[in-house]
Amino acid sequence: MIRRPRFNFSSSVFSKLFLSVVLTLVLFAAGMVTLMNLVHNNSADARWEVLAKQIVSQIDPFVDELDNATTMNELLQARFMLAVIKRSFDVFDESLQAKMGLYDRNGNLLIQTDDSDLPKQLPDDPSLISRLLPAFFSSDQVNVQAMSDRGYTLLYEPRNPPKRSELWAVLNIFTGTIALLALMSIVLGWIAHSMTWRINQMSKQMAQLGEGNFSVRVPSKGTDEIASLARGFNQAAQKIEQLIDANSLLLAHASHELRTPITRIRLQIEMMEMLANEMSEETRAKFHKRAQAVNRDLTGLNDLVESILLVSRLDAGHAAQTNERFDFYELISQECQHYPEATLYGKSIVIEGQPKLLIHLIRNLLNNALIHGEPPIEVHLYGVVAQEEALYPPKQLLDQIEAAKSEANKELNPSLEAESVAIENVTSETEADALSHLEVEDQNGSTELATSEGENQPLSTTAQATSKKQDKGNNKSKADSSKSNDIGFTKRLRRPKAEPVIEPNFVVLAVIDQGKGIPLDKRNEIFSPFVRLQQQRKGSGLGLSLVSQIVEAHNGRIRTDTYNGRTRFIVLLPVNDSVTVEKPDFS
């Protein structure tokens, strides 16, 4: 029976969210009320505006009489009403300490209180921006306007306006609302973060669990739904870790126990071969044939057991040892000697790693190329500075491969090589004869050329002929030595400058066979244990999985692709522990 978790309103996420929203709304309403009181009820501008409207209401009858007298062109009555209005302004000025002026419909100043310097023209109304942000558009003079029913305007300006602080100058209904919203956003953000950070932490831990790190755990403090979820996650992760450890331990123990019967079977076969000498020749031949087949199967079974043991050790972390400095090229070269189908190209590169594990890596890659690919096999080893260069072999390596293939073609076609050597010899003899002809002509001072012995020679004694031959040989040797000196001097002049040696940060091992490549949708799957794309081929399906784990143990990367129409497995390893390979890929 499934137990339903008890719902505790005081400690649930629902209650926290509900109370947070309600509390935020209450605080917002209280803040708005406080802001309205601060801005309107306690604002000097608001009080002045109220006073100006009250004054207009008091003098409004006089303004009506003034407007009627002006309309009827009764100047005396108009002046009398202006005097009455001015007297009213003076009375208000004594009690309110404010300058006041009356403007007509055109904005012209009609009258003002004593000791006032109000503008002759009515100032324009302040803009909407200046009303919203008065602190940025404030002036030395502060005034308010109030309009009567007849279109006359009262300008009210206090003589001693109160000094405003910058804070109260900025604070108004607009800026106050923005500040209040910002404050509420900060409060809500803090509340949301306090609730969701555990969920984010749990998501990160789940991602690590998906990558194979089964030892991750998340904090499970509290009594709410998130804490309950965290405890469930920890229990699941612990159970998965125990199952994986038990599986690895079972494989390791089973593989270790299989070694003993395999060894016993080998000993029994050897003893049976010793007894086979007493059999007839035909029976002995059949027995040896069967024994060899059994030995081959035992060898495959022993390799499978060794692979399972190594995979278990790598999973448990027991196979990792202290890194050593060694020549990676020499290690690959020694292993390639057991594979006549493989040819190694590259140069010496010293790296830090575990040679025993890397021997398994090289061996499994070569076996995979032989079993599932097509020989011949090329093994490339080169260094790169940046991991983006790993997919592209350097020019020096390509030149080395081209030169090696050209040499191999010459060895396969000796007749062509002999013809090329004969042509070179004929050419050199022709050049020597031409040079000797010129020398003989210079020595004798004759216009005849000596083409061969006995032809076109002038009549002379045998001693003269002998001396001519000696001179000819001496001149020829001098010419050859002079020619070789010129060539050597030219080579010294053309010798290129030594380029600076750049130490690589990564070493790249590429194993290329003549296969057509692996399908794109299977390139990640083949590195999983017991996966074979071609079931009819031999193999346990552990080779590439073991290679992948060895590469990960060296903090490297492995991938497969198609290189010039051929299958390529390429491994990228850092040369030392100080170099880091980027997590996703090196493509």
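Residues numbered from 1 in each chain as written. Predicted model: local features only at pLDDT ≥ 70, side-chain atom pairs only at ≥ 80, totals over all residues. Heavy atoms only, no water.

**Student:** Where do I start with the overall build of the protein in this structure?
**Tutor:** The number of helices and strands found in the protein is 14 helices and eleven strands. By the burial criterion, 31% of the 587 residues in the protein qualify as buried. Taking the contacts inside the protein whose residues are at least 6 apart along the sequence as the reference set, 68% of them involve residues at least 24 apart. Split by element, the accessible area of the protein, about 38,600 Å² in all, is 56% carbon and sulfur. (Helix = DSSP H or I, 4+ residues; strand = E, 2+ residues; numbered from the N terminus. Buried < 20%, exposed > 50% of the residue type's maximum accessible area, 1.4 Å probe, protein only. Contact = heavy atoms within 4.5 Å. Areas by Shrake-Rupley, 256 points an atom, 1.4 Å probe, with all protein chains shown as cover.)

**Student:** When you look at the packing of aromatic side chains in this model, what are you seeing that I'm missing?
**Tutor:** Think of a pair of aromatic rings as described by two things: how far the centres are apart, and how the planes are tilted against each other in angle. Applying the stated criterion to the full structure yields two aromatic pairs. Plain terms: the ring middles of Phe-326 and Phe-328 are 6.3 Å apart, the flat faces sit at 85 degrees to each other, and that makes the pair edge-to-face. Taken individually, Phe-326 and Phe-328 each receive the classification buried, so the pair is uniform in this respect. Between Phe-527 and Phe-569, the ring centres sit 6.3 Å apart and the planes meet at 85 degrees, which makes this aromatic pair edge-to-face. With Phe-527 in the loop between strand E9 (506-513) and helix H14 (543-553) and Phe-569 in strand E11 (residues 566-574), the pair connects residues that are 42 residues apart, well separated along the chain. Like Phe-569, Phe-527 is buried. (Phe/Tyr/Trp six-rings, centres within 6.5 Å; stacked < 30°, edge-to-face > 60°.)

**Student:** Teacher, can you tell me more about the environment of Gln-242 here?
**Tutor:** With respect to the helices, strands and loops of the structure, Gln-242 is situated in helix H7 (residues 225-275). Spatially, the C-alpha atom of Gln-242 lies 9.0 Å from that of Phe-214, the residues being 28 residues apart in sequence.

**Student:** When you look at unusual backbone geometry in this model, what are you seeing that I'm missing?
**Tutor:** What is expected of a backbone is that most residues other than glycine have negative phi and most peptide bonds are trans. Of the consecutive residues Pro-375 and Pro-376, the connecting peptide bond is found in the cis state with omega at 5 degrees. With a phi angle near 55 degrees, Gln-97 is a residue other than glycine that sits in the positive phi range. As for its placement among the helices and strands, Gln-97 is situated in the loop between helix H3 (75-96) and strand E1 (98-103). Even without a glycine there, the phi angle at Asp-115 is positive, about 55 degrees. By the secondary structure assignment, Asp-115 is in the loop between strand E2 (109-112) and helix H4 (128-132). Judged by its relative accessible area of 72%, Asp-115 falls in the exposed class.

**Student:** So what exactly am I meant to see when it comes to the sheet that holds E9 here?
**Tutor:** Two orientations exist for strands paired in a sheet by backbone hydrogen bonds: parallel and antiparallel. Here we have five strands laid out as an open sheet, ordered E6-E8-E9-E11-E10, and mixed in their pairing. At either end of the open sheet lies a strand with only one pairing partner, and these are strand E6 (342-346) and strand E10 (557-563). This sheet shows a mean twist of 20 degrees between the axes of neighbouring strands, independent of strand direction. Together, E6, strand E8 (377-384), E9 and E11 form the strand contacts of helix H10 (residues 355-372), whose direction differs from that of E9 by roughly 25 degrees. (Pairing = 2+ DSSP bridges. Axes fitted to C-alpha atoms, helices over the stretch in contact; angles between N-to-C directions.)

**Student:** Explain the pattern of salt bridges to me, please; I cannot follow it from the model alone.
**Tutor:** Pairing between side chains of opposite charge can happen when the charged atoms of each approach one another. Throughout the structure, instances matching the rule amount to 18 salt bridges. Here Arg-150 ties to Asp-67 by a salt bridge, and the two come within 2.5 Å at their closest N and O atoms. Within this pair, whereas Arg-150 is found in the loop between strand E3 (144-147) and strand E4 (153-158), its partner Asp-67 is found in helix H2 (residues 44-71), the two being separated by 83 residues in sequence. The partly exposed category is assigned to Arg-150, whose relative accessible area is 27%. For Arg-566, the salt bridge is made with Glu-378, and the minimal N-O distance between the two is 3.4 Å. Highlighted residues: Arg-566 in strand E11 and Glu-378 in strand E8, separated in sequence by 188 residues. For the pair Arg-566 and Glu-378, a shared accessibility class is recorded, and that class is buried. One salt-bridge network, in which partners are shared between bridges, spans Asp-64, Asp-67, Arg-105 and Arg-150. (Salt bridge = Lys/Arg side-chain N within 4 Å of Asp/Glu carboxyl O.)

**Student:** Sorry, what's going on with the nonpolar core here?
**Tutor:** As a rule of thumb, nonpolar side chains are buried together in soluble globular proteins. Counting 50 residues, the largest nonpolar core has Phe-328 and Leu-509 as the members making the most contacts within it. Mapped by element, the contributors of at least two residues to this core are helix H9 (328-336), E6, H10, E8, helix H11 (395-412), E9, H14 and E11. Examining the composition of this core, we find that seven residues originate from one element, H10, more than from any other. Contacts of Leu-509, omitting those with residues within four sequence positions, involve Phe-328, Ile-332, Leu-361, Ile-362, Leu-365, Val-379, His-380, Leu-381, Phe-569, Ile-570 and Val-571. (Core = buried A, V, L, I, M, F, W, Y, C linked by side-chain atoms within 4.5 Å.)

**Student:** Can you walk me through H10 in this structure?
**Tutor:** Helical periodicity: at 3.6 residues per turn, an α-helix aligns residues three or four positions apart in one direction. Its 18 residues place the ends of H10 25 Å apart at the C-alpha level, agreeing with the 26 Å of an ideal helix rising 1.5 Å per residue. Inspection of H10 places Pro-355, Leu-357, Leu-358, Leu-361, Ile-362, Asn-364, Leu-365, Leu-366, Asn-368 and Ala-369 among the buried residues, and these make up the whole buried set. (Expected span 1.5 Å × (residues − 1).)

**Student:** Looking at this structure, how should I read the packing of H10 against H14?
**Tutor:** Describing two packed helices takes the angle between their axes plus the distance from one axis to the other. Direction vectors running N to C along H10 and H14 enclose 145 degrees, while the axes themselves pass 9 Å from each other. The handedness of the crossing between H10 and H14 is left-handed. For the pair formed by H10 and H14, the contact residues are Leu-357, Leu-358, His-360, Leu-361, Asn-364, Leu-365 and Asn-368 on the first element and Gly-543, Leu-544, Leu-546, Val-547, Ile-550 and Val-551 on the second. Across the contact of H10 with H14, the residue classes tally to nine nonpolar, four polar and no charged. (Left-handed = near helix turned anticlockwise from the far one by under 90°. Nonpolar A, V, L, I, M, F, W, Y, C, P; charged D, E, K, R; others polar.)

**Student:** Help me out: how do you make sense of the sheet that holds E2 in this one?
**Tutor:** Taken in spatial order, the four strands make up an open sheet running E2-E1-E4-E3, and their pairing is antiparallel. Both outer strands of the open sheet, E2 and E3, are each paired with one neighbouring strand and no more. Averaged over neighbouring strand pairs, the angle between their axes works out to 25 degrees when direction is ignored. Pairing of E3 with E4 involves four bridges; the strand directions are antiparallel. Residue pairing across strands places Met-147 opposite Thr-153, the latter belonging to E4. Set on the sheet, H3 makes contact with E1, E2 and E4; between it and E1 the angle comes to about 160 degrees.

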